[in-house]
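These are the residues of each chain, in order.
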Amino acid sequence: MAVCPNCGGMLRFDIAGQCMKCDSCTSTFDPYAFQYGGSAEESTEYDVTVFKCPQCGGEIFSTDQTAAGFCSYCGSSNVLESHLTKEKRPEFIIPFKKTKEDCKNIFKSHTKKALFAPADFKSEGRIDSFRGIYMPYWLYDMSQNNPIDVKTSTSHRRGDYIITDHYICGGFLDCSYNGVSYDASSAFADDISNEIAPFNVKDITEFSPAFLSGFYADLADVPVNTYEDAAIDLAQEGTYNYIKKSSPMSKESFDESKAAVKGRIKTEINAERSAMFPVWFMTYRNRDRVAYATVNGQTGRVSSDIPVSVPKYLLCAGIIAVILFFIFQMFFTLLPGTVLTIIGFVSLISGIMYASQMKSIVAQENHDDDLGLRSRMDKKKQSRLDAQKGAYFADTDEPFVLTERDIKNSKRRRKEAKKNENKGTYIVLIVAMIFIGIPILFSVFGGILTFAFSGSILSTVIVGLSLLVNIILTVTSSRNIKLMDSKKGISSLLWTVMGLGISLGVLIVNPVADIIYYIAAVAAMVGILIALIDMILCYNLLAMRPLPQFEMYKGGDDRA
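A brief report on the enclosed structure follows. Here the structure is a predicted model, which is why all the values come from computation and not from measurement.

With that settled, the discussion passes to the overall build of the protein. Check the secondary structure of the protein and you find 13 helices and 18 strands. Taking all 560 residues of the protein together, the buried fraction comes to 44%. Of the roughly 29600 Å² of accessible surface on the protein, 59% is carried by carbon and sulfur atoms.

Given below as structure tokens:
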């Protein structure tokens, strides 16, 4: 903690003045005028206070010894546990440029059009909970110095012929990329860090712990080599775009694929450096899910997980539906068959959207797009495997990674999981055949009869096609639901399928009374509505993330 030399008050980094400022006498000082950690260790370590959440296990640190009010990762209001330790000094830092007031105004402007966001999400008290946190980053300096040849061609017309000339264009690359950054915290999701990027390295400066005074910082726990391939690919992509669009070769037509050209761009990583970048961080918690709002503390770029309030959404949808109903009544005459045709289109679109949401939730929960977190989880998995090395089977002296018992248990679990998965799939298919299979078998004959007597074969085909597609989507989404930790049960598309089955049956029978058509339409709409509500809830699963840190820390309470 930095202390004012004049009055002994606490010094904090003042964003507006880019200097250290005393809380008591308002004196200002140069951030590099203060020493942390002792002169012998000044080049490698400095003293910090680590705050750990007793509920989710998330850790942040600060040069101040005051207790944090709440956890920025899970939103818990418990007083965080703290202890003094030493941390390795990063090489560089970008100080905060946007004040908290700037951050609040940027966020208000960002969420102004978020009509369906919960009221608490945009409340003044919630917005006031933004915390300034320095996030760790790895910086990669790369160079490309090698000759490169590209097969190109040009074409021109001569009389009735088109003549193509083929060339090999050559050149020498002399490119450098400095400060390509990737976040080094597994708790900081890659999609968030990508959305608030880039940081402008023109403001980067040598690290001093004084910049942390009045703020928090996250711990770097992602290995430096995690993003090497991604950084190299980014540099190759940038150079390829230059060759293709801005270099003298850009006038030629490339005869080789993009991957082939990029493969000839030899990229070397010259240096890997550590840095801290400024981020304003807000947490919105609802039961066991959290939504994050982050603002780039240098540029003001925003990334926000905005959940949807189901009551607000349904109220707005109801008002729009009533307005459209009166408009259609004034200008159009909708026949019963036409109503079912429209419903068939709507159910087809909603079914595709629903199945896509299920797939996205599985990808998010598996951290498919979060390279930093997956590297941390893979590292822990490897450490468990390493701990098992040296175990022996009972009938051999050769060492194996896993014990015989581990292998047997693994095979048993795989068989049970496959059996349960197939069982669930069979149940869905049986239900689909009972309620819908028979109408589908007769849909062709029904379509012919319908066409002969009423000319509504188009409605039958559209509803039948939508029914078939929704059956397939119901099976696939049910499989994805089984892979989720956040959602269980069967797919809500089953209600849509049943409603479409009733509609298809009515179209096949072709009753005289219009009221039967409208009853079928209501049944189909109820099924779509149930799926729609579930889809909104699923969207909130995507917008709001699981409580963090459970895979990485012990002692957390996931019921908090």
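Attention now goes to a nonpolar patch on the surface. Residues L315, I319, I320, I323, L324 and I327 make up a contiguous nonpolar surface patch of about 540 Å² in total accessible area. Relative to the helices and strands, L315 is located in helix α6 (residues 310-331).

Attention now goes to the sheet that holds strand β3 (residues 28-29). Pairing within the open sheet is antiparallel, and its three strands lie in the order β1-β2-β3. Strand pairing shows two members of the sheet lacking a second neighbour, β1 (11-14) and β3, which therefore form its edges. Two elements, strand β2 (residues 19-22) and β3, share two bridges in a ladder whose sense is antiparallel. Residue K21 lies in a different strand from β3, and its bridge partner there is T28.

The subject of this paragraph is the environment of E195. Assignment of secondary structure puts E195 in helix α3 (residues 190-196). Between the alpha carbons of E195 and N296 there is a distance of 9.4 Å; along the sequence they are 101 residues apart. Residues within four places of E195 in sequence aside, it is in contact with R301, V302, S303 and S304.

In this section: the pattern of salt bridges. Within the structure shown, the criterion is met by 13 salt bridges. For K104, the salt bridge identified is with E101, shortest N-O distance 3.3 Å. Of this pair, K104 and E101 both sit in helix α1 (residues 100-110), three residues apart, which is roughly one turn of the helix. Note that K104 and D128 form a salt bridge whose closest N and O atoms lie 3.2 Å from each other. One end of the pair, K104, is in helix α1; the other, D128, is in the loop between α2 (124-127) and β8 (131-158), and 24 residues separate them in sequence. Note on K104: relative accessible area 8%, which makes it buried. The exposure class assigned to D128 is partly exposed, which follows from its relative accessible area of 39%. Connected through salt bridges with shared partners, the residues E101, K104, K108, E124 and D128 form a single ionic network.

Ranked by size, the top nonpolar core spans 37 residues in total, and within it F121, F130, Y134, L212, M276 and W280 carry the most contacts. The set of elements that each furnish at least two residues to this core consists of β1, β2, β4 (45-52), α1, β13 (268-286) and β14 (289-296). Among the elements that line this core, the one with the most residues is β13, at four residues.

Criteria and cut-off values
- Throughout, a residue's number is its position along its own chain's written sequence, starting from 1.
- Local features are withheld for residues below a pLDDT of 70 in this predicted model, meaning they are given only at 70 or higher, and side-chain atom pairs are given and counted only at 80 or more; totals for whole chains, interfaces and linings count all residues.
- Side-chain numbers here rest on the full set of heavy atoms in the structure, without hydrogens or water.
- Strands here mean DSSP runs of E at least two residues long; helices mean DSSP runs of H or I at least four residues long; both are numbered from the N terminus.
- Only protein chains enter the calculation, and the probe is 1.4 Å; a residue is then buried if its accessible area is under 20% of its type maximum, exposed if over 50%, and partly exposed in between.
- Residue-level accessible areas treat just the shown protein chains as cover; the underlying method is Shrake-Rupley with a 1.4 Å probe.
- Within this analysis, patches are made of residues with over 30% relative accessible area and no salt bridge. Like charges are joined at 9 Å or less; nonpolar side chains (Val, Leu, Ile, Met, Phe, Trp, Tyr) at 5 Å or less.
- A side-chain nitrogen of Lys or Arg and a carboxyl oxygen of Asp or Glu constitute a salt bridge if their distance falls within 4 Å.
- The rule for pairing is simple: two strands pair if DSSP sees at least two bridges between them.
- Contacts are assigned to residue pairs that have any heavy atoms within 4.5 Å of one another.
- The criterion is simple. A nonpolar core is a set of buried Ala, Val, Leu, Ile, Met, Phe, Trp, Tyr and Cys residues joined through side-chain atoms within 4.5 Å.

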